[in-house]
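Secondary and tertiary structure notes
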Amino acid sequence: MDYVVVKWLHILSSTFLFGTGIGSAWYMLFANVSRDVRAIAVVSRYVVIADWLFTATTAVVQPATGFYMAHLAGYPLHSRWIMWSVMLYVLAGACWLPVVWLQMRLRDLAADAVRAGTDLPPLYWRYFFTWVGLGVPAFIAFVFIFWFMVAKPI
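Here the structure is a predicted model, which means the values were calculated and not measured. (Residues numbered from 1 in each chain as written. Predicted model: local features only at pLDDT ≥ 70, side-chain atom pairs only at ≥ 80, totals over all residues. Heavy atoms only, no water.)

**Quick look at the overall build of the chain**
The cut-off we apply is this: Under the DSSP-based scheme used, a helix requires at least four consecutive residues in state H or I and a strand at least two consecutive residues in state E, with every element numbered from the N terminus. Buried, partly exposed and exposed residues are distinguished by accessible area as a fraction of the type maximum, computed with a 1.4 Å probe on protein chains only: under 20%, between the cut-offs, and over 50%, respectively. By definition in these notes, contact holds between two residues if any of their heavy atoms fall within 4.5 Å. For the accessible areas, the method is Shrake-Rupley and the probe is 1.4 Å, while residue cover comes only from the protein chains on display. Positive charges come from Lys and Arg, negative ones from Asp and Glu, while His and the chain ends are left out of the count. One atom stands in for each charge, and that atom is NZ of Lys, CZ of Arg, CG of Asp or CD of Glu.
For the chain, the count of helices and strands is four helices and zero strands. Counted from the first residue to the last, the chain has its helices and strands arranged as α-α-α-α. Here the chain holds 154 residues, and 34% of them are scored as buried. Taking contacts inside the chain between residues at least 6 apart in sequence as the whole, the part at least 24 apart equals 79%. A total of about 9,100 Å² of accessible surface is found on the chain, and carbon and sulfur atoms cover 75% of it. Separation of charge centres in the chain, based on 10 positive and 6 negative side chains, amounts to 6 Å.

See the structure below:
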């Protein structure tokens, strides 16, 4: 019974983690494509909240439940699929940490532009393109992690 509950928590938290990431990226990307400073300010504010509320919490739940399931199922932690999953998770986390800082800066720069009634500064766009550049490898890493979790290749 422990295994089923932990597996359910693991799948549920992965859904929140990946879903929040994809949803945030989608809305942030298209708010920026619109170049509507007010829309960008609103969306970026909520993306930061969602990242702290969902991504940060599930980022902790994922390895905790994953390692516990591996223990319960008797999978050796040195299995290639587990090692690859962990390495990709670390890569995604290494991309996510600067993304959080970038999102807070994007939020602040957009809010400042709305208050001042100006366009977004060039620094905003440099941060945004860096944000996109870090999001792509994190997304790819998670796609492969899902594959390893399902296929469990030896």
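**Brief notes about helix α4 (residues 122-151)**
Formally: Take the residue count of a helix, subtract one, and multiply by 1.5 Å to get its expected span.
Between its terminal C-alpha atoms α4 stretches 44 Å, which fits the 44 Å expected from 30 residues at 1.5 Å a residue. Packed against the buried residues of α4 are α1 (2-34), α2 (37-73) and α3 (80-116). A positive phi of about 45° marks Lys-152, the residue just after α4.

**Quick word on the packing of α2 against α3**
Helices that pack against each other are described as a pair by the angle of their axes relative to one another and the distance between those axes. Stated precisely, the cut-off is as follows: Axes, fitted as lines to C-alpha atoms, cover a helix only where it is in contact. Angles between the N-to-C directions of the axes lie from 0 to 180 degrees. Each angle is binned into one of four classes, with values under 35 degrees roughly parallel, values over 145 roughly antiparallel, values of 65 to 115 roughly perpendicular, and all other values oblique. Should the near helix be turned counterclockwise from the far one by less than a right angle, the crossing is left-handed, whereas a clockwise turn marks it as right-handed. Under the scheme applied here, ten amino acids are nonpolar (Ala, Val, Leu, Ile, Met, Phe, Trp, Tyr, Cys and Pro), four are charged (Asp, Glu, Lys and Arg), and all others, including Gly, are polar.
One can describe the packing of α2 onto α3 by two numbers: an axis separation of 9 Å at closest approach and a directional angle of 160°. Here α3 runs roughly antiparallel to α2, going by the angle between their axes. Of the two possible hands of crossing, α2 and α3 adopt the one that is left-handed. In terms of residue class, the contact of α2 with α3 is built from 22 nonpolar, five polar and four charged.

**Remarks on the side chain of Thr-20**
Here is the rule: Whenever a nitrogen or oxygen atom comes within 3.5 Å of another N or O atom, the pair is scored as a polar contact, on the condition that within protein one atom can donate a hydrogen and the other can accept it, and that pairs from neighbouring residues in sequence are kept only if both atoms are in side chains.
Tracing the sequence through the fold places Thr-20 in helix α1. A polar side-chain atom of Thr-20 sits 2.7 Å from the main-chain carbonyl oxygen of Phe-16. The contacts of Thr-20, once residues within four sequence positions are left out, are Thr-15, Ala-50, Phe-54 and Thr-55.

**Considering the packing of aromatic side chains**
Which entries qualify depends on this criterion: Side-chain rings of Phe, Tyr and Trp (the six-membered ring for Trp) are treated as a pair once their centres are within 6.5 Å; stacked means planes under 30 degrees apart, edge-to-face means over 60, and tilted covers the remaining angles. Lysine and arginine charges are scored as sitting over a ring when NZ or CZ, respectively, is within 6 Å of the ring centre and within 35 degrees of the ring normal.
Evaluated as defined, the whole model comprises 15 aromatic pairs. Residues Trp-101 and Tyr-127 carry aromatic rings whose centres are separated by 5.4 Å and whose planes lie at 75° to one another, so their mutual orientation is edge-to-face. Residue Trp-101 is found in helix α3, and its partner Tyr-127 is found in helix α4; the two are separated by 26 residues along the sequence. The partly exposed category is assigned to Trp-101, whose relative accessible area is 43%. The exposure class assigned to Tyr-127 is buried, which follows from its relative accessible area of 17%. Relative to Phe-148, the ring of Trp-147 lies with its centre 5.3 Å away and its plane at 70°, an arrangement referred to as edge-to-face. Every member of this aromatic cluster is reached through a ring pair, and the members are Phe-18, Tyr-89, Phe-139, Phe-142 and Phe-146. Above the plane of the ring of Trp-125 lies Arg-35, whose end atom (NZ or CZ) is 4.2 Å from the centre. Above the plane of the ring of Tyr-46 lies Arg-45, whose end atom (NZ or CZ) is 5.2 Å from the centre.

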